[in-house]
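Topology and contacts: notes
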Amino acid sequence: MKVITDEKIIDEILSKGVEDVFVKEHLKKQLMSGKVLRIKLGIDPTGPKIHLGRAIPLRKLRAFQDLGHKAVLIVGDFTATIGDPSDKLEKRPMLTTNKIKENMKDYKKQIGKIIDIKKAEFVYNSSWLKKLSMMETSILAESFSLQQMSKRRNFQDRLEKDEEISLRELFYPLMQGYDSVAVKSDVEIGGFDQLFNVKAGRTIQKHYGMSEQDILTVQMLEGTDGRKMSTSWGNVITIVDEPNDMYGKVMSVKDELLSKYFLLCTDIPMSQIKDFEKKITDGMNPKDFKMGLAYEIVKIYHGEKKAKEAETNFVNTFSKKEIPDEMEEIKGNAGESLVDVLLNKKVLTSKGEWRRLVEQNAIHDLENDTRITDVNYKVEKDLTLKIGKKRFIKIIVK
RNA sequence: GCGUCGGUGGUAGAGUGGUCAAUUACAACAGACUGUAAAUCUGUCGCCUUCGGGCUACGAAGGUUCAAAUCCUUCCCGACGCACCA
């Protein structure tokens with residue numbers, strides 16, 4: 001396959017959603033040369049689901065792949081046991097091998113939604129890191145000085161606060177850098193929080209007499225609540241979320257983050273995003289653009305048809321306040337109190353929660369268009385309920 | 001090994017004998033409004049309750065006390081300092 005060297009496309013790739021490219025001139029020249037480059041991306045199997053934030057470097061990798069370059073995916077099964085200190089102020093617990101195996105189960109399948117797996121190289125870094133002897137490790141460790149290592153921002157912070165930094169953590173960038181040697185990467189992609197690690201790749205490649213990789217770091221994405229998107233915060237939109245859910249979650253993203261989401265999570269070109277921004281400043285309703293965003297994102301991971309359905313579903317249930325076609329159905333016995341039915345099926349977690357919901361007028365009986373105000377309401381016949389504004393439950397009486 | 005400090009609800013982080021089911025912030029949930037599951041405003045936010053209250057919770061186990069998240073003892077876990085490293 002011929003490598004695409006269209007300058008316009010290359011410029012878009014090197015700037016859209018990109019935080020930093022190093023060395024930019026060199027990388028551009030390389031890309032223009034028509035040579036097939038090896039593009040490295042490391043992934044830590046630390047969570048079972050890929051969310052939109054983690055998808056960003058993957059999508060960038062895909063863009064390179066589409067140019068005709070070689071995607072080299074490194075599963076950090078070994079490094080995950082070490083724990084990456086990049087984005088944490090505290091040290092991260094080591095993951096167990098079992099946990100990693102569990103996480104890896106359908107990881108590949110998920111990655112396949114973004115990357116053309118067939119054309120990509122897929123390697124596990126345990127396959128070389130596991131074999132390093134103490135001797136070789138020492139040679140590797142020779143590449144960095146204590147001073148250089150301690151320059152790293154979050155090590156610096158922790159040093160100042162007299163907080164612990166384990167030596168183990170210092171090894172993380174060394175290992176990630178060694179990965180670059182092992183796969184002979186020309187370019188490495190990473191989130192901006194990976195800056196130190198990917199730069200370490202250059203140092204270490206040089207240490208081993210190889211030419212240094214160029215690096216490209218992408219911007220970080222905030223989650224639905226505006227904080228950094230992170231599984232432990234629960235503010236994530238994963239790429240395997242159901243279409244309706246995914247659509248809704250995107251709609252709950254704060255308006256201010258709109259263009260960032262467009263930039264980092266869709267294929268919409270930058271010029272068009274600028275245009276959207278202008279229209280919003282001119283007074284157009286951001287909601288309409290957000291719906292477009294939600295549509296685009298669902299389309300990427302579920303296809304056009306599902307995206308349309310999700311959109312229709314959203315408009316009907318939330319704008320027009322209609323009852324959705326599909327909803328969860330649970331069974332109950334005649335005469336049983338409604339709380340027990342809901343509690344049994346784990347729709348609710350406690351009777352206190354139920355009391356609160358009833359008091360707050362949150363339980364709608366959609367068949368009669370009334371609110372249920374009796375805490376001891378008994379189920380007599382089939383019911384269609386709306387709890388709050390987004391939960392719909394159908395109760396079938398046996 | 002010695003010493004010092006610390007372990008609190010989904011998270012951060014107050015509280016150092018009763019007024020503590022525990023300030024506050026964030027997250028979450030509900031209502032109003034709306035332009036959306038945005039923003040804003042209001043309310044809720046351990047479990048059970050006949051709504052009086054009851055029960056379980058502040059690392060674990062004991063103890064002191066009328067009364068403990070708060071004091072004492074032991075233990076577990078963590079951090080830091082000292083020692084050690086020429």
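Residues numbered from 1 in each chain as written. Chains lettered and ligands numbered in written order. Predicted model: local features only at pLDDT ≥ 70, side-chain atom pairs only at ≥ 80, totals over all residues.

**So, the overall build of chain A**
Convention followed: Numbering of helices and strands starts at the N terminus; helices are DSSP runs of H or I of at least 4 residues and strands are runs of E of at least 2. In this description, a residue-residue contact is defined by the distance between C-beta atoms placed from the backbone, which must lie within 7 Å.
Assigned secondary structure in chain A consists of 19 helices and eleven strands. Based on the C-alpha atoms only, the size of chain A along its principal axes is roughly 80 × 45 × 40 Å. Of all intrachain contacts in chain A linking residues separated by at least 6 positions in sequence, the fraction that spans at least 24 positions is 69%.

**Things to note about the protein's contact with RNA strand B**
Note the threshold: Each residue receives a C-beta atom built from its backbone; the residue is near a molecule or strand if that atom lies within 6 Å of it. Three classes are used, and their members are as follows: Ala, Val, Leu, Ile, Met, Phe, Trp, Tyr, Cys and Pro are nonpolar, Asp, Glu, Lys and Arg are charged, and the others, Gly among them, are polar.
Every one of the 34 residues lining RNA strand B counts as a neighbour, but Glu 164, Gly 248, Ser 252, Gln 360 and Gly 388 are closest to it. Within the residue set of the surface near RNA strand B, elements represented by two or more residues are α13 (243-251), α16 (286-302), α17 (304-319) and α19 (351-359). Of the residues in the surface near RNA strand B, the class split is five nonpolar, 13 polar and 16 charged.

**Some thoughts on the pairing of strand β11 (residues 391-397)**
Let me state the cut-off plainly: Only strands joined by at least two bridges in the DSSP assignment are considered to pair.
In terms of strand pairing, strand β7 (residues 328-332) meets β11 through five bridges, oriented parallel. Bridge pairing links Ile 330 to Ile 395 in β11. Between strand β10 (residues 383-387) and β11, which pair antiparallel in sequence order, lie three residues; one of them, Gly 388, sits at a positive phi of approximately 70 degrees.

**So, the packing of α13 against α16**
Packed helices, taken two at a time, are described by the angle their axes make and the gap between the axes. How we decide: All axes here are fitted lines through C-alpha atoms, helices being fitted over the stretch that makes contact, and every angle between N-to-C directions spans 0 to 180 degrees. Left-handed describes a crossing whose near helix is turned anticlockwise from the far helix by less than a right angle; the clockwise case is right-handed.
Running from amino to carboxyl end, α13 crosses α16 at an angle of 145 degrees, the nearest separation of the two axes being 9 Å. The way α13 lies across α16 gives a crossing that is right-handed. Contact with α13, carried on its side by Pro 243, Met 246, Tyr 247, Val 250 and Met 251, involves Lys 290, Leu 293, Ala 294, Ile 297, Val 298 and His 302 of α16 and no other residues of that element. Partitioned by chemical class, the residues of the contact of α13 with α16 number nine nonpolar, one polar and one charged.

**Notes on the nonpolar core**
Cut-off, in case you're wondering: The nonpolar core criterion groups buried Ala, Val, Leu, Ile, Met, Phe, Trp, Tyr and Cys residues into a set whenever they are joined through C-beta atoms within 7 Å. With C-beta atoms placed from the backbone, a residue is buried if 20 or more other C-beta atoms are within 10 Å of its own, exposed if 12 or fewer are, and partly exposed between those counts. For the domain bounds, the source is a domain assignment made automatically or taken from a database.
Ile 39, Leu 61, Val 250, Ile 297 and Val 298 are the most contacted members of the largest nonpolar core, which totals 52 residues. Ranked by residue count, the leading element in this core is helix α3 (residues 52-67), at seven residues. A domain-level breakdown of this core finds at least three residues from each of domain 1 (7-222) and domain 2 (241-319).

**Some words on the domain arrangement of chain A**
Per the domain assignment, the segments of chain A are domain 1 (7-222), domain 2 (241-319) and domain 3 (328-397). Placing the centre of domain 1 and that of domain 2 at their C-alpha centroids yields a distance of 30 Å. With nine residues of domain 1 at the contact, the number on the domain 2 side is eight residues. Residues that form the side of domain 1 that touches domain 2 fall into these classes: three nonpolar, two polar and four charged.

**Description of the packing of helix α14 (residues 258-265) against helix α15 (residues 270-281)**
Note the cut-off: For classification purposes, angles smaller than 35 degrees are called roughly parallel, those larger than 145 roughly antiparallel, those between 65 and 115 roughly perpendicular, and all remaining angles oblique.
Packing of α14 against α15 brings their axes to within 10 Å, and their N-to-C directions diverge by 170 degrees. By the criterion of interaxial angle, the relationship of α14 to α15 is roughly antiparallel. Contacts between α14 and α15 involve Ser 259, Phe 262 and Leu 263 from the first element and Ile 273, Phe 276 and Glu 277 from the second. Partitioned by chemical class, the residues of the contact of α14 with α15 number four nonpolar, one polar and one charged.

**Considering the sheet that holds strand β3 (residues 70-75)**
With mixed pairing, six strands are arranged side by side in an open sheet as β1-β6-β5-β2-β3-β4. Strand pairing shows two members of the sheet lacking a second neighbour, β1 (18-22) and β4 (121-124), which therefore form its edges. On average, each strand axis in the sheet is inclined to that of its neighbour by 20 degrees, with strand direction left out of account. Pairing between strand β2 (residues 38-43) and strand β5 (residues 187-191): three bridges, direction parallel. Its bridge partner being in β5, Leu 41 is matched across the sheet by Ile 189. Most of the contacts of helix α12 (residues 195-207) go to strand β6 (residues 214-218), to which it runs at about 170 degrees, and overall it touches β1, β5 and β6.

**Concerning α3**
Put simply, the rule is: Each residue after the first adds 1.5 Å to the expected span of a helix.
Between the first and last C-alpha of α3 there are 22 Å, a value that for 16 residues agrees with the 22 Å anticipated at 1.5 Å per step. With 13 of 16 residues buried, α3 is to be regarded as a mostly interior element. Gly 68 sits one or two positions beyond α3 and adopts a positive phi of about 110 degrees.

**Focus: the pairing of β10**
The side chains of a regular strand alternate between both faces of the sheet. In the sheet, strand β8 (residues 363-365) pairs with β10 via three bridges, with the strands oriented antiparallel. Residue pairing across strands places Ile 363 opposite Ile 387, the latter belonging to β10. Pairing analysis gives five bridges linking β10 to β11, with the strands arranged antiparallel. Residue pairing for β11: Lys 386 is matched across the bridge by Phe 392.

**A closer look at the environment of Lys 108**
Tracing the sequence through the fold places Lys 108 in helix α6 (residues 107-111). The exposure class of Lys 108 is partly exposed, given the 13 C-beta atoms found within 10 Å. Sequence spacing of Lys 108 and Leu 342 is 234 residues, and the spatial spacing of their C-alpha atoms is 37 Å.

**Section: the confidence of the model for chain A**
Keep in mind that low pLDDT regions are not for reading the predicted coordinates in detail. Keep this limit in mind: In predicted models, pLDDT denotes the confidence assigned by the predictor to each residue on a 0 to 100 scale.
Of all residues in chain A, 93% attain a pLDDT of 70 or more, and the chain-wide mean is 88. Across residues 86-94 the pLDDT falls below 50, and counting only partners more than four positions away or on other chains, this stretch makes 19 contacts in the model. Per the prediction output, this complex has pTM 0.87; the corresponding ipTM is 0.85.

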